[in-house]
There are 4 protein chains.
Amino acid sequence: MEKPAKRNAARTKAQILKAALGEFSEFGYQGARIDAIAKRANINKQMLYHYFGNKDDLFQSVLEQSYEKIRRHEAELKLADLDPIEAIQELVKFGFSYHSKNPEFMRLLNSENLQRAVHIKKSDKIRHMHKPLVEIIASVLKRGEADGVFRSNIDPVQFYITLVGVTYFYLSNIHTLSAIFDQDMMTKSAIKERQDHCEEAVLRLVRCQ
Amino acid sequence: MEKPAKRNAARTKAQILKAALGEFSEFGYQGARIDAIAKRANINKQMLYHYFGNKDDLFQSVLEQSYEKIRRHEAELKLADLDPIEAIQELVKFGFSYHSKNPEFMRLLNSENLQRAVHIKKSDKIRHMHKPLVEIIASVLKRGEADGVFRSNIDPVQFYITLVGVTYFYLSNIHTLSAIFDQDMMTKSAIKERQDHCEEAVLRLVRCQ
Amino acid sequence: MEKPAKRNAARTKAQILKAALGEFSEFGYQGARIDAIAKRANINKQMLYHYFGNKDDLFQSVLEQSYEKIRRHEAELKLADLDPIEAIQELVKFGFSYHSKNPEFMRLLNSENLQRAVHIKKSDKIRHMHKPLVEIIASVLKRGEADGVFRSNIDPVQFYITLVGVTYFYLSNIHTLSAIFDQDMMTKSAIKERQDHCEEAVLRLVRCQ
Amino acid sequence: MEKPAKRNAARTKAQILKAALGEFSEFGYQGARIDAIAKRANINKQMLYHYFGNKDDLFQSVLEQSYEKIRRHEAELKLADLDPIEAIQELVKFGFSYHSKNPEFMRLLNSENLQRAVHIKKSDKIRHMHKPLVEIIASVLKRGEADGVFRSNIDPVQFYITLVGVTYFYLSNIHTLSAIFDQDMMTKSAIKERQDHCEEAVLRLVRCQ
DNA sequence: GATGAATGAGTTTTCATTCAT
DNA sequence: TATGAATGAAAACTCATTCAT
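1. Regarding the protein's contact with DNA strand F
Next up, step 1: The immediate surroundings of DNA strand F are formed by 35 residues, with Asn44 of chain A, Lys45 of chain B, Arg7 of chain C together with Arg33 and Lys45 of chain D found nearest.
Next up, step 2: For DNA strand F, the fraction of atoms within 4 Å of the protein that belong to sugar or phosphate moieties is 55%.
Next up, step 3: A distance of 2.4 Å separates a base oxygen of DNA strand F from a polar side-chain atom of Lys45 of chain D.
Next up, step 4: Elements with a contribution of two residues or more to the surface near DNA strand F: helix H3 (45-52) of chain A, helix H3 (45-52) of chain B, helix H3 (45-52) of chain C together with helix H3 (45-52) of chain D.
Next up, step 5: Examining the composition of the surface near DNA strand F, we find that five residues originate from one element, H3 of chain C, more than from any other.
Next up, step 6: Counted by class, the surface near DNA strand F contains ten nonpolar, 13 polar and twelve charged residues.

Structure below.
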């Protein structure tokens, strides 16, 4: 016998978050519709307000959840167990595969930048999520330096932004890039080619000589 | 003597485009308000529809104008007159200064990517604007290779995307980056630091060894 | 005790339909105003969109309801119980009294013809409403023929169109006819005179000799 | 050598009237657009206001011209030269052929009835156009009575309305009738069948016994 | 006589949010 | 916890008409 679908706060909330992620990432904050989210979540609109306050707070929750997810996946890379070069390669690979498989996150950030990061700024959760990441990067760079394979004095934040910039920019702007360069950049081979290029660029950035 | 403010189609159109650029870049396509554009342009709303059809077409016109502008500025760099290394440095510098001074363009692209490049895809103008750019880049890379300072077989499109990625990504995502890394990335010194980092990264990408 | 005026979907829908019938018939589809309908219905405009979709669909609903009503009234005439001559007289009488008392229906049809029947064509409901009517007419004609009072081979659809034509045309075009013939055709006596004339015309059409 | 297209009041007016007839009859008074009329007429919108005042007055002008045209054609039938039966047949035939070839007039009247004949009521021209018509009909009926082929005391206005009703109603409501009876009533054979039926109906109405 | 730029009020439709049950 | 009816403000877009040249 099926459990009754009623009165299950946790599931309702999860449904709403999932639906909201879909809607927000598809249309951006401004283009997303509360009605559409409710329909996607198969719940009553009022539930959404009950659990999440309003559209802004809901967006913030979605963003928090999404940041948590990517940071968790990054943490699972176990970069500390890899030698520095491999760790960098792993990071590039991860950037491509994660954003390819989860393009919603890029689109969420896209929208959030358009909104000048209002939601992130309000979220203590998100703002305290990134120190570990910087520390992990810093430690990889340190180890590489110690091993004599990486240059010294590479700023981990700058490096991270470059790493993400080369990979993420391609994927997040893939629509405009495909259009202006008149080539489909979403094909598997195009993405593979790009990934190789990025690996090259990032390694050359850190390596000695 | 004041020129009469009335009955001047060219000026009206220019006012509308300018106002639309401001509004669209500030709030994105979805967040922009036709009423607000009309008010900014100090014209009657109907004029906007008269000259530009509708919100979509207006956005497209703004985008076309903006692409024209940046490509025109790029063309004025006279990269052919510089030696290859200098040309690359000039490109990095240009990327920073142009987008710093004209952040509207990045925000327009941001919005356009959220819309999956619908407007660019409709615009023949834009789609035929980029061949010259690729050719210029290719020629710089060729010259560097001939001079023995650049590696061979660097794809100009890949290179360009990387070049833009490292510079543009920082500036276009500056709000979220500032928030998550809890540092103000919009200060002059932060931008200078980033620019140096980018120059380093891009040169290392193309240089031999 | 008063029933509470709030939160009653059925009543709200009925109010909207009634108000829409009034507005559409008074001004035609194009002349009708959604705002005016909402005001007449004493409801919020959005309710109208919530329940009926848009102006077109609302018009269609009004039309369906109106067709249902007249066909229901026709069915209640119990023509099968009358002898053929009386049945015909009853039909003429009905045509006059119904359209006199419910001029909205004529005006709706007037508007719908101006729109080339777009709404009817979209409505399966309406298109399946008329077979019974034709069958009833056909059976009256058959009985009259069997009784030897009516001519043979009268097409029921042609006959029905003529029947309606002579009665309905007078009432539906009463404004232009009154104006061009410079007589008030809306007086009781004028309508009575017209009705007698129609009865004469229709009976002469079907009778033997 | 071509005459210059400029500064020709008569032609401009004629173009406007023709365009207005097209637009008004296609969409009705309310649905017609001044802009569209100007475009159809290939003239400047202001010309329309210059020559015809406003939308209402323009509609009235179109209506007057259209009534003039049909009355002129009717007058040319030379019914006085025909024997009464033939004259009646001629009238039926005329009704069909005229409205088939000039459906704009019906649509104009359709719209005008929706507007409760406001324009006709304002037009002295139209209101004085119909006496001759009634007189011609009356004279045909008189002659038929004198010849012993028509009944006596047939009211010419009633008769005329019936005559028009049976023919015009079919054509003016052809869209709704086709839809509800699910047959294409616009085919040549359908119109021929209807015309025969109408002739039968009208003759039976006037003939003795 | 002719042009087309300009206007203000209005039209349909949408949206985030709240209320009653 | 859940439902869906109800709201008011605002969104994009349109229209008849007038003004400046």
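That covers the picture; the talk isn't over yet.
2. A closer look at the domain arrangement of chain A
Residues and elements named next belong to chain A.
Next up, step 1: Once the domains are mapped, chain A shows domain 1 (1-53) and domain 2 (56-206).
Next up, step 2: Facing 14 residues of domain 1, the contacting portion of domain 2 comprises 14 residues.
Next up, step 3: Each partner contributes to the roughly 1200 Å² buried at the junction of domain 1 and domain 2, and carbon and sulfur atoms together form 68% of this total.
Next up, step 4: Three residues stand out in domain 1 for area buried against domain 2, namely Leu21, Ser25 and Tyr29, and they jointly supply 47% of the buried area on that side.
Next up, step 5: The interface formed by domain 1 and domain 2 includes zero salt bridges.
Next up, step 6: Along the lines of polarity and charge, the residues of the side of domain 1 that touches domain 2 split into nine nonpolar, four polar and one charged.

3. What to know about the arrangement of the chains
Next up, step 1: One thing to see here is that chain A and chain D don't touch, and their nearest C-alpha atoms sit 33 Å from each other.
Next up, step 2: Between chain B and chain D there is no contact, and the shortest C-alpha to C-alpha separation is 12 Å.

4. Let's talk about the interface of chain D and chain C
When the parts of a complex come together, some accessible area is lost, and that lost area is often taken as the interface size.
Next up, step 1: Each side of the interface is counted separately: chain D has 56 residues, and chain C has 55 residues.
Next up, step 2: Overall, the association of chain D and chain C removes approximately 5000 Å² of surface from exposure, summing both partners, and the carbon and sulfur fraction of that is 63%.
Next up, step 3: Linking chain D with chain C are two salt bridges, by the criterion used here.
Next up, step 4: Counting residues per element, the ones that place at least two in the side of chain D that touches chain C are helix H1 (9-31), helix H4 (55-75), helix H6 (103-114), helix H7 (118-122), helix H8 (124-127), helix H10 (156-172), helix H11 (174-180) and helix H12 (188-206) of chain D.
Next up, step 5: Along the lines of polarity and charge, the residues of the side of chain D that touches chain C split into 24 nonpolar, 17 polar and 15 charged.

5. Section: the interface of chain A and chain B
Next up, step 1: Between chain A and chain B, the residue contacts involve 56 residues of the former and 56 residues of the latter.
Next up, step 2: Taken together, the two surfaces of chain A and chain B that pack against each other cover about 5000 Å², and 63% of this comes from carbon and sulfur.
Next up, step 3: Linking chain A with chain B are two salt bridges, by the criterion used here.
Next up, step 4: A salt bridge links Glu200 of chain A to Arg151 of chain B; the shortest N-O distance between them is 3.9 Å.
Next up, step 5: Across the chain A-chain B interface, the total number found is 18 residue pairs in polar contact (both at pLDDT 80 or more).
Next up, step 6: Mapped by element, the contributors of at least two residues to the side of chain A that touches chain B are helix H1 (9-31), helix H4 (55-75), helix H6 (103-114), helix H7 (118-122), helix H8 (124-127), helix H10 (156-172), helix H11 (174-180) and helix H12 (188-206) of chain A.
Next up, step 7: In terms of residue count, the dominant contributor to the side of chain A that touches chain B is H10 of chain A (13 residues).

6. Let's talk about the nonpolar core
Next up, step 1: By size, the foremost hydrophobic cluster in this structure holds 141 residues, and its most contacted members are Phe24, Leu58, Tyr67 and Phe159 of chain A together with Phe24, Leu58 and Phe159 of chain B.
Next up, step 2: Filtering out sequence-adjacent residues up to four positions away, Phe24 of chain B remains in contact with Tyr29, Ala32, Ile37, Lys55, Leu58, Phe59, Val62 and Leu108 of chain B.
Next up, step 3: Residues Leu63 of chain C together with Ala87, Ile120 and Ile191 of chain D belong to the second largest nonpolar core, which totals 139 residues.

7. Looking at the packing of aromatic side chains
Next up, step 1: Under the definition given, this model contains 28 aromatic pairs over all chains.
Next up, step 2: An angle of 10 degrees between the planes, with centres 5.9 Å apart, marks the rings of Phe24 of chain B and Tyr29 of chain B as stacked. Here the two residues Phe24 of chain B and Tyr29 of chain B agree in accessibility, since each one is buried.
Next up, step 3: Taking 5.4 Å as the distance between ring centres and 85 degrees as the angle between the ring planes, the aromatic pair formed by Tyr29 of chain D and Phe59 of chain D counts as edge-to-face. Pair noted here: Tyr29 of chain D is in helix H1 and Phe59 of chain D is in helix H4, with a separation of 30 residues, a long-range link. Just as Tyr29 of chain D is buried, Phe59 of chain D falls in that class too.
Next up, step 4: Joined through ring pairs, the aromatic side chains of Phe24, Tyr29 and Phe59 of chain A make up one cluster.

Definitions and cut-offs
- Numbering of residues starts from 1 in every chain and runs along the sequence as written.
- The lettering of chains begins at A and the numbering of ligands begins at 1, in the order of writing.
- Residue-level local features of this predicted model are given only where pLDDT is at least 70; pairs of side-chain atoms are given and counted only at 80 or more, and the full residue set underlies all totals for whole chains, interfaces and linings.
- The basis for every side-chain value is the complete set of non-hydrogen atoms in the structure, without hydrogens or water.
- When we say a residue is near a molecule or strand, we mean one of its heavy atoms is within 4 Å of it.
- Polar contacts, as used here, are pairs of N or O atoms within 3.5 Å; protein pairs need one atom able to donate a hydrogen and one able to accept it. Residues neighboring in sequence count only if both atoms are side-chain atoms.
- A run of DSSP states H or I qualifies as a helix once it reaches four residues; a run of E qualifies as a strand once it reaches two. Both are numbered from the N-terminal end.
- Polar here means any residue outside two lists: the nonpolar Ala, Val, Leu, Ile, Met, Phe, Trp, Tyr, Cys and Pro, and the charged Asp, Glu, Lys and Arg; Gly therefore counts as polar.
- As annotated, the domain borders come from an automatic or database domain assignment.
- Contacts: residue pairs with any heavy atoms within 4.5 Å of one another.
- When two parts are put together, the accessible area they lose, computed with a 1.4 Å probe and summed over both, is reported as buried area.
- Salt bridge, as used here: a side-chain nitrogen of Lys or Arg that lies within 4 Å of a carboxyl oxygen of Asp or Glu.
- Take the buried Ala, Val, Leu, Ile, Met, Phe, Trp, Tyr and Cys residues and link them wherever side-chain atoms come within 4.5 Å; each set so joined is a nonpolar core.
- The cut-offs for exposure are 20% and 50% of the maximum accessible area for each residue type, with area from a 1.4 Å probe on protein chains only; residues under the lower value are buried, those over the upper are exposed, and the others partly exposed.
- Any two of the Phe, Tyr and Trp rings considered here, Trp counted by its six-membered ring, make a pair once their centres fall within 6.5 Å; the pair's planes then place it as stacked at under 30 degrees, edge-to-face at over 60, or tilted in between.

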